[in-house]
Amino acid sequence: MDMGRWWMPLVGPRRRTLSVDLVLNLAMAMGLLVLAQVEQSVQLRSTHPMHGVVDRVNENAGPYIGLVMAYPTEELALQTSGRRFNIGTINGVDVISVMTGEQTLNAGITVQILLDAFEIQGIVHYGTAGTANDSLNLGDVSVPSYVALTGSWKWKKWPYSSIDSYGSIDHFPLVQEFKSAEGHLTELKFGAFNFPETGENLLAKIDFTPQQLYSVGKPMEEVFWLQIEPKLFDMATKLQDLKLQQCINETYCLPEAPQVVYGLRGSTADIYLDNAAYRKFLFKELNVSTVDEESAAIVMTSLSNGVPCIVFRGVSDLAGGEEKLSSTSLSSLAAVNALTVAVAFIELSGEEAAVKDH
């Protein structure tokens, strides 16, 4: 760990920030600590070897905005933009960026470490997503107003009277475990998506279940939709005319210029969705427009700690829908567009904070 090297910010007044190597080592050490000790995430003990480093970061500047991404392509978009740092500034705004790794557990753990160790005033999360909404185009960036964890299900009781064509229930002992109390949320009947004809299915049906949200100063509540911080969302609407990247290279461009789209709903689950039937179900029954593996976990962790959070997701694929363009990968373009909106938002937040200070 190199304590003697400092990194110069690309934008803003001359000031010192910790080096990239230092923070990469810090993130690795913290990650290994959590995995090895499996302890509840708390403030670092005074005897912890990283305690002095964290104190130094917090004393040097801040409070910070946490810039969170989940996938290497999304981090690459940040690096190739000319802002390769983990602790630094974006247009004069103090920022700590971190890559969580894919899926909800990694996302939640990483954000909790970030909030425990550093003085964070808000979380900006950007990344790529599939779309379940045909009105969203590839390359667009969605700024959702709500996100939900849609990977938590309860199996509903098998309708015994409908299995005659399969034989005795004894032939399917596992079916007896697929049951739960009647739910009050959206129900998915797998048989409705049988192909080529709909009908009964041994998977029966499931209920989507709410999550238990524990937040600062509030009693536990069961929620399904997690609301994005309204003040941050309202601020983001000022970016609707932002110009986004349309071309992947000199010879391949999207047919329409990507746009920033507001007020849709996002779905998060530990599932890479590439299925037309489930895509259609999510949009029709839950009004879900984008699907990913991290957003709701990041928002829920932020809400639990009383820290505001906003999400920017660039559309990289159609989540199982009919491909309308070449199979050329659009992940990098979607990540760049999401980062473009995130950076513009961070700059805007700095400008508004400066106005309030005066």
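From a predicted model like this one, the values you see are computed outputs, not experimental measurements.

1. What about the pairing of strand E18 (residues 309-317)?
The buried fraction of E18 amounts to nine of the nine residues, a majority that puts the element mostly inside the structure. Taken together, the eight bridges between strand E6 (residues 120-131) and E18 define a ladder with parallel strand orientation. Residue pairing for E18: Gly 127 is matched across the bridge by Arg 313. Of the pairings in the sheet, the one linking strand E7 (residues 141-143) to E18 comprises two bridges and is antiparallel in character.

2. With respect to the packing of aromatic side chains
By convention here, two paired aromatic rings are described through the distance between centres and the angle between planes. This model, assessed by the stated rule, comprises nine aromatic pairs. A ring pair is formed by Trp 153 and Phe 208, whose centres lie 6.2 Å apart and whose planes are at 75°; its orientation type is edge-to-face. Separated by 55 residues along the polypeptide, Trp 153 in strand E9 (residues 153-155) and Phe 208 in strand E11 (residues 205-208) bring together distant segments of the chain. Exposure remark for Trp 153: the relative accessible area of 31% places this residue in the partly exposed category. Note on Phe 208: relative accessible area 2%, which makes it buried. For the ring pair Trp 155 and Phe 190, a centre distance of 5.7 Å and an interplane angle of 25° mean the geometry is stacked. Placement of Trp 155 in strand E9 and of Phe 190 in the loop between strand E10 (187-189) and E11 is noted, with a sequence separation of 35 residues between them. Connected via pairs of aromatic rings, a cluster forms that spans Trp 153, Trp 155, Phe 190, Phe 193, Phe 208, Tyr 278 and Phe 281. In this structure, Arg 265 is placed above the aromatic ring of Tyr 146, and the distance from its NZ or CZ to the ring centre is 4.7 Å. The ring of Trp 225 is capped by Arg 265, whose NZ or CZ atom sits 4.6 Å from the centre of that ring.

3. Remarks on the pairing of strand E8 (residues 146-149)
Relative to strand E14 (residues 225-227), E8 runs antiparallel, the two sharing three bridges. Residue pairing in the sheet places Val 147 in a bridge with Leu 226 of E14. Where E8 meets strand E16 (residues 265-268), four bridges bridge the pair, whose relative direction is parallel. When the bridges of E16 are listed, Tyr 146 appears paired with Arg 265.

4. A few points about the pattern of salt bridges
This model, assessed by the stated rule, comprises seven salt bridges. Lys 156 is paired through a salt bridge with Asp 207; the nearest N and O atoms lie 3.9 Å apart. Residue Lys 156 is located in the loop between E9 and E10, and its partner Asp 207 is located in strand E11; the two are separated by 51 residues in the primary sequence. We note that Lys 156, like Asp 207, is buried. Here Glu 187 ties to Lys 189 by a salt bridge, and the two come within 3.9 Å at their closest N and O atoms. Here Glu 187 falls in the partly exposed class, since its relative accessible area comes to 26%. Through salt bridges with shared partners, one network takes in Lys 156, Glu 187, Lys 189 and Asp 207.

Rules behind the numbers
Residues numbered from 1 in each chain as written. Predicted model: local features only at pLDDT ≥ 70, side-chain atom pairs only at ≥ 80, totals over all residues. Heavy atoms only, no water. Buried < 20%, exposed > 50% of the residue type's maximum accessible area, 1.4 Å probe, protein only. Helix = DSSP H or I, 4+ residues; strand = E, 2+ residues; numbered from the N terminus. Pairing = 2+ DSSP bridges. Phe/Tyr/Trp six-rings, centres within 6.5 Å; stacked < 30°, edge-to-face > 60°. Lys NZ or Arg CZ within 6 Å of the ring centre and 35° of its normal. Salt bridge = Lys/Arg side-chain N within 4 Å of Asp/Glu carboxyl O.

By themselves these figures say nothing about function.
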